[in-house]
Amino acid sequence: MLTFLEIKIYRLDIPVDEMKKYFLMIFLPSVVLVGIVLLIFYVSFTRIEGKILEKNEIRVVQFQSEIMHKALNAIVSDLLFLSGQTILQKLAKEKKATSRKIVANEYLSFSKNKRTYDQIRFLDMNGTEIVRVNFNHGQPRIVLAEALQNKAKRHYFENTLQRKRGDVFISPFDLNLENGEIENPAKPVIRFGTPVFDGANQKSGIVILNYLGAEMLQQLERLSEGSLGQFVLLNSKGQWLKGLNPEDDWGFIYKKKTMQALDDSFPDAWRQINQAGSGQFYTAKGLFTFETILKPLSDFDSKLSGSHSWKVVSYVPPELLNTRFHQFLSGLLIIYGLLSIGLALLSWYLATVLMHRKTEALKRQQTEKDLKLSLQEKVVLLQEIHHRVKNNLQVISSLLKIQARYIEDKETLAIFQESKDRIHAMSAIHETLYQSDDLANIHTKDYIKKLVDNLFLSYGLDEIVSIIEVQDIPLRVDDAISCGLIINELVSNSLKYAFSGVQKGKITIMMSMNADSKILLTVSDNGVGLPENLDITTNKTMGLRLVHLMVDELQGDIQVDKHKGTQFQIQFVLTQPVVASNSQE
């Protein structure tokens, strides 16, 4: 790499206009590309963050909805349990003090254990309270008989008395009244009522539970802490039970408040919320996610009655959405500015380097031409060497063939024939290299086929067929010679001895390589097989000794299977082939 001093020295000789040209050619595309990448990143971020935000708001709102449904179902379960007590039937019929005392004590114990009901009451058919237990700010008490009141004109009494067996009336979620005035501090309550039936299946009164809603509102508020949005609870008319601001809470009850419903601030949003049970949508004023309470969630829900429902809403104002994205965009712009400065410096440096290397490239091109010419000359020389080696081996093979004509002894003649075949196996290697562009490696598929075909031609056995299944594996020359000699010896042995007295047969040669670069060479025949008492490891014949010698050269191992003919399996690890230059370059 050029040093700063070197750049400064030769930069003085570079024309300014050409320098600017190179600078702009590098800088402008780079800075535009970086800008596009950051823009795509910003768009992707806003989309992904938007999806994450939407899913999180849905998750929180659904969880809040489930909490409310579970609370309502638990209340209904309590109510149905209390209304099914046998002692109530006796109390409603006789109204004895002993029965009243038993029911009152049970209600007192129930209130102490549950701690969620402001009042537990049993009223007769005339609306008169027979038993009432007040929670009394955590100190439950039984109301004395003389303090009990008649509630016949209250809406919850009239609505509950109209219900069938097992049906539950649920009142609106509102603030508790004492003597016609809103209790202070405010006490949010929901009243649950169900009729009581006697043994003749006739109504004998009702049980009313005043559920303290403050704890549930606090629990929903805590759950909303995992949300970016603001928690809102509405009644079926869209009026605030829990508003965006504390002063909005219960605004429809405190008549002096101006903002009493969601419709006052977000009319478009309320229209969509009012028309669906659940959903999520954007308006110009932000993101709204909502769920409707009193949708069926359990077996109790089919028994709930009343026209009241509630909407759990999460509201994310646009300023919150925009703030997150604007902060991220500001960070990206700072990064873009710093990257632009860095790209400008880098572009100037690269422009000076390119100008310098322009002259160096001409020298390098000339050097490459000289190297290619030298390489081509060496390739021609190597091809000529392989060609002459092949010719010399063929001369030797021809001399052996001529000499064999004058030999009458069959054993000596067989030795000459085997030697000629071995020389041909090595000669074929050099012939393949001479005809190939790759002068360092032998491709096994064509080489093995030529080798086997020559052996079959040499022995002239037309009844025997060869089956060659060989992958085209590049082998180094030394490994290819070893494999060629092994195949030559084993195929020759099969042709000479395996099919004695057999009219037809086959010899199979297979070579494959697995993922661990292990090569498996298999030579098999379906002939008469090797004698059972023959141990190939101690056999002193030239052919098998040569096979073992070549296996050792390959650093492999050999196994023999004498079942149904003879099968030799040689396994060795592939030596990394030489990466040779292409002579055509």
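Rules used throughout
Residues numbered from 1 in each chain as written. Predicted model: local features only at pLDDT ≥ 70, side-chain atom pairs only at ≥ 80, totals over all residues. Heavy atoms only, no water. Helix = DSSP H or I, 4+ residues; strand = E, 2+ residues; numbered from the N terminus. 1 Å grid on protein atoms, 1.4 Å probe; cavity = no way out; pocket = protein on both sides within 12 Å on 5 of 7 lines; lining within 4 Å. Points joined across faces, edges and corners; volume = space filled by probe spheres on them. Nonpolar A, V, L, I, M, F, W, Y, C, P; charged D, E, K, R; others polar. Phe/Tyr/Trp six-rings, centres within 6.5 Å; stacked < 30°, edge-to-face > 60°. Buried < 20%, exposed > 50% of the residue type's maximum accessible area, 1.4 Å probe, protein only. Axes fitted to C-alpha atoms, helices over the stretch in contact; angles between N-to-C directions. Parallel < 35°, antiparallel > 145°, perpendicular 65-115°, else oblique. Left-handed = near helix turned anticlockwise from the far one by under 90°. Contact = heavy atoms within 4.5 Å. Pairing = 2+ DSSP bridges. pLDDT = per-residue confidence, 0-100.

Colleague: What's the story with unusual backbone geometry in this structure? I'm lost.
Modeller: For residues other than glycine, phi is negative in most cases, and the peptide bonds are mostly trans. The residue after N184, namely P185, is reached through a cis peptide bond having omega 0 degrees. Topologically, P185 is positioned in the loop between β7 (181–182) and β8 (188–197). Residues other than glycine seldom take positive phi values, yet N201 does so here, at roughly 60 degrees.

Colleague: Honestly, the layout of surface pockets in this entry has me stumped. Any pointers?
Modeller: The gaps of empty space that remain are located by a probe, the size of a water molecule, rolled over the atoms. Within this model, the second largest pocket holds a volume of roughly 260 Å³. Together, 13 residues line the second largest pocket, and F135, H137, K187, L212 and A214 are the ones closest to its centre. Here the element with the most residues in the lining of the second largest pocket is helix α6 (residues 214–223); it accounts for three residues. Of the residues that constitute the lining of the second largest pocket, the class distribution is six nonpolar, three polar and four charged.

Colleague: I tried to follow the packing of aromatic side chains on my own but got confused; where do I start?
Modeller: The description of an aromatic ring pair rests on the distance of the ring centres and on the angle between the ring planes. Overall, the coordinates contain 16 aromatic pairs when judged by the stated rule. On the basis of an interplanar angle of 65 degrees and a centroid distance of 6.3 Å, the ring pair of Y117 and Y211 is categorised as edge-to-face. Here Y211 lies in strand β9 (residues 203–212) and Y117 lies in strand β1 (residues 117–123), a separation of 94 residues in the sequence. The burial state of Y117 is the same as that of Y211; both residues are buried. Through a chain of ring-to-ring contacts, three or more aromatic side chains come together here, namely F266, F281, F288, F290 and Y315.

Colleague: Would you mind going over the packing of helix α12 (residues 477–498) against helix α13 (residues 542–553) with me for this structure?
Modeller: Each pair of packed helices can be summarised by the angle the axes make with each other and by the distance between the axes. Axis separation between α12 and α13 bottoms out at 9 Å; the angle between their running directions is 155 degrees. Here α12 is positioned roughly antiparallel relative to α13, judged by the angle of their axes. Handedness of the α12/α13 crossing: left-handed. In this structure, α12 uses S482, L485, I486, E489, L490 and N493 to contact α13, whose residues at the interface are G543, L544, L546, V547, M550, V551 and E553. Among the residues forming the contact of α12 with α13, the class breakdown is eight nonpolar, three polar and two charged.

Colleague: Please explain the sheet that holds strand β11 (residues 240–242) as it appears in this structure.
Modeller: Two orientations exist for strands paired in a sheet by backbone hydrogen bonds: parallel and antiparallel. With antiparallel pairing, five strands are arranged side by side in an open sheet as β11-β10-β15-β13-β12. The two strands at the open ends of the sheet, each matched to only one other strand, are β11 and β12 (278–283). Recorded for the sheet is a direction-independent mean angle of 25 degrees between the axes of neighbouring strands.

Colleague: How do you make sense of the confidence of the model for the protein chain when you look at a structure like this?
Modeller: Close inspection of predicted coordinates is inappropriate in any region flagged by low pLDDT. Scored by pLDDT, the protein chain has a mean of 81; 81% of the residues are at 70 or more. Segment residues 1–12: pLDDT under 50, and 14 contacts once partners within four positions in sequence are set aside and those in other chains are kept.

Colleague: In this structure, what is going on with the environment of S236? I would like to understand it.
Modeller: Mapped onto the elements of the fold, S236 is located in the loop between β10 (230–235) and β11. Sequence spacing of S236 and I293 is 57 residues, and the spatial spacing of their C-alpha atoms is 9.6 Å.

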